Amino acid sequence: MINFYKYHGAGNDFIMIDNRDKSFDVYNEELIREMCHRRFGIGADGIILLEESSDYDFSMVYINSDGSIGSMCGNGGRCIVHFAHYILKIVKDPSSVQFMAVDGLHEGVIDGDIVKIKMIDVDEITERNEHTFLCSGTTAHNVVFVEDLVNFPVLAKGRKMQEIEIDKKGVNVNFVEERDGIYHVRTYERGVWDETMACGTGATSVAIACHSLGKLESNTCHISMPGGNLTITFDSPTDGSDTYQNIWLTGQAKCVYKGEWIS
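Described in the following lines is the structure provided in the data block. The structure displayed is predicted, hence computed values, not measured ones.

Points about the environment of aspartate 13
1) Next: Among the secondary structure elements, aspartate 13 is positioned in strand E2 (residues 12-18).
2) Next: C-alpha separation for the pair aspartate 13 and threonine 196, spaced 183 residues apart in sequence, amounts to 8.9 Å.
3) Next: Not counting residues up to four positions away in its chain, the partners in contact with aspartate 13 are Lys6, Tyr7, His8, Arg38, Gly43, Ala44, Asp45 and Gly46.
4) Next: Among the polar contacts made by the side chain of aspartate 13, one reaches the side chain of arginine 38 at a distance of 2.7 Å.

With respect to the environment of lysine 6
1) Next: With respect to the element layout, lysine 6 can be found in strand E1 (residues 2-9).
2) Next: Residue contacts for lysine 6: discarding those within four places in its chain leaves Asp13, Phe14, Ile42, Gly43, Ala44, Lys254, Cys255, Val256 and Tyr257.
3) Next: A distance of 2.9 Å separates the side chain of lysine 6 from the backbone oxygen of glycine 43, its partner in a polar contact.

So, the pairing of strand E11 (residues 172-179)
When a strand is regular, its side chains alternate between the sheet's two faces.
1) Next: With six of eight residues buried, E11 lies mostly within the body of the structure.
2) Next: Sheet topology note: the strand E10 (residues 139-145)/E11 ladder contains five bridges and is parallel. Across the sheet, the residue bridging to valine 143 is asparagine 174, located in E11.
3) Next: Two strands pair when backbone bridges link them, and E11 and strand E12 (residues 182-189) are joined in this way by seven bridges, in the antiparallel orientation. Bridge pairing links glutamate 177 to histidine 184 in E12.
4) Next: Between E11 and the antiparallel strand that follows it, E12, lie two residues; aspartate 180 among them carries a positive phi value of about 55°.

Quick notes on the pattern of salt bridges
Opposite charge on two side chains lets them pair, provided their charged atoms get close.
1) Next: One pass over the structure, following the stated rule, counts ten salt bridges.
2) Next: One salt bridge in this structure joins aspartate 45 and arginine 38, with 3.1 Å as the shortest N-O distance.
3) Next: When its relative accessible area of 5% is taken as the criterion, aspartate 45 is described as buried.
4) Next: Taken together, the salt bridges that share partners define one network made up of Lys6, Asp13, Arg38 and Asp45.

Looking at the packing of aromatic side chains
1) Next: Counted under the stated rule, the structure contains seven aromatic pairs.
2) Next: On the numbers, 6.0 Å between centres and 80° between planes, the contact of phenylalanine 14 with tyrosine 62 is edge-to-face. Here tyrosine 62 lies in strand E4 (residues 58-64) and phenylalanine 14 lies in strand E2, a separation of 48 residues in the sequence. This pair shows no difference in class: phenylalanine 14 is buried, exactly as tyrosine 62 is.
3) Next: Summarising the aromatic geometry, the rings of phenylalanine 58 and phenylalanine 99 are spaced 5.1 Å apart at their centres and angled 10° between planes, so their arrangement reads as stacked. Taken together, the residues span a long stretch of sequence, with phenylalanine 58 in strand E4 and phenylalanine 99 in strand E5 (residues 97-101) at a distance of 41 residues.

Quick look at the side chain of asparagine 129
1) Next: Secondary-structure assignment places asparagine 129 in the loop between strand E8 (125-128) and strand E9 (131-136).
2) Next: If near-sequence neighbours (up to four positions away) are discounted, asparagine 129 is found in contact with Asn142, Met161, Ile164, Glu165 and Val171.

What to know about helix H4 (residues 200-212)
1) Next: Along its 13 residues, H4 runs 18 Å from first to last C-alpha, staying within 8% of the 18 Å computed at 1.5 Å per residue.
2) Next: With twelve of 13 residues buried, H4 lies mostly within the body of the structure.
3) Next: Buried residues of H4: Gly200, Thr201, Gly202, Ala203, Thr204, Ser205, Val206, Ala207, Ile208, Ala209, Cys210 and His211, and no others.
4) Next: Phi turns positive one or two residues past the end of H4, at glycine 214, with a value near 80°.

Scoring rules and cut-offs
Residues numbered from 1 in each chain as written. Predicted model: local features only at pLDDT ≥ 70, side-chain atom pairs only at ≥ 80, totals over all residues. Heavy atoms only, no water. Helix = DSSP H or I, 4+ residues; strand = E, 2+ residues; numbered from the N terminus. Contact = heavy atoms within 4.5 Å. Polar contact = N/O pair within 3.5 Å; in protein donor to acceptor, adjacent residues only side chain to side chain. Buried < 20%, exposed > 50% of the residue type's maximum accessible area, 1.4 Å probe, protein only. Pairing = 2+ DSSP bridges. Salt bridge = Lys/Arg side-chain N within 4 Å of Asp/Glu carboxyl O. Phe/Tyr/Trp six-rings, centres within 6.5 Å; stacked < 30°, edge-to-face > 60°. Expected span 1.5 Å × (residues − 1).

The structure is reproduced here in structure tokens:
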């Protein structure tokens, strides 16, 4: 039996597990796929394990719904901060949370159901697949500007770009349309191999890409995704630097229910 909590951040949903006793097998891909299945299991974009850390409040392990160990998940990071504070009550200071993830140290701030986390610096923006490309932490993203996003074939176009990337472990593809100062985004995610309701590292990548390309003048970017809204703030590069720093991802994190998985 596995105790779990179901969480979502802007519709990006996760199975949250307290794994401080190391009882959950992170390499049991069959179990992970079964738990994440939306017909035969709980249903989720991925599983997030909270584990002990000797130096920080906790450590985060993210597993994709296909059973593979994932890269950094921004909305998952916000959800695990909420989980650590409100459910497990292990956070010492909600205004200064620190946790370790696969891409390094992250900070978090909790204000009710609004959680923001500090993302890893972005220091390289290039072009791949003929579109803007960058990494947010360890997560690879293409940013593609389109028209009529509501009716855009995200699934078909995203899969096509994955075919190009097959030897590079895949890439998340973010399709973007700006309307009235809001950047509307739909994302095809590797590891899920489908469109998700939101993507935190994707939203971060869109914000940085838009600023770098001169489409965004401000250092605050408001993102609308199918599952909800996210805000990204950042410090733009200074003279002699190409690095975006002090990047914060903000939005709602919500615990939906708790349950028991009986194998």
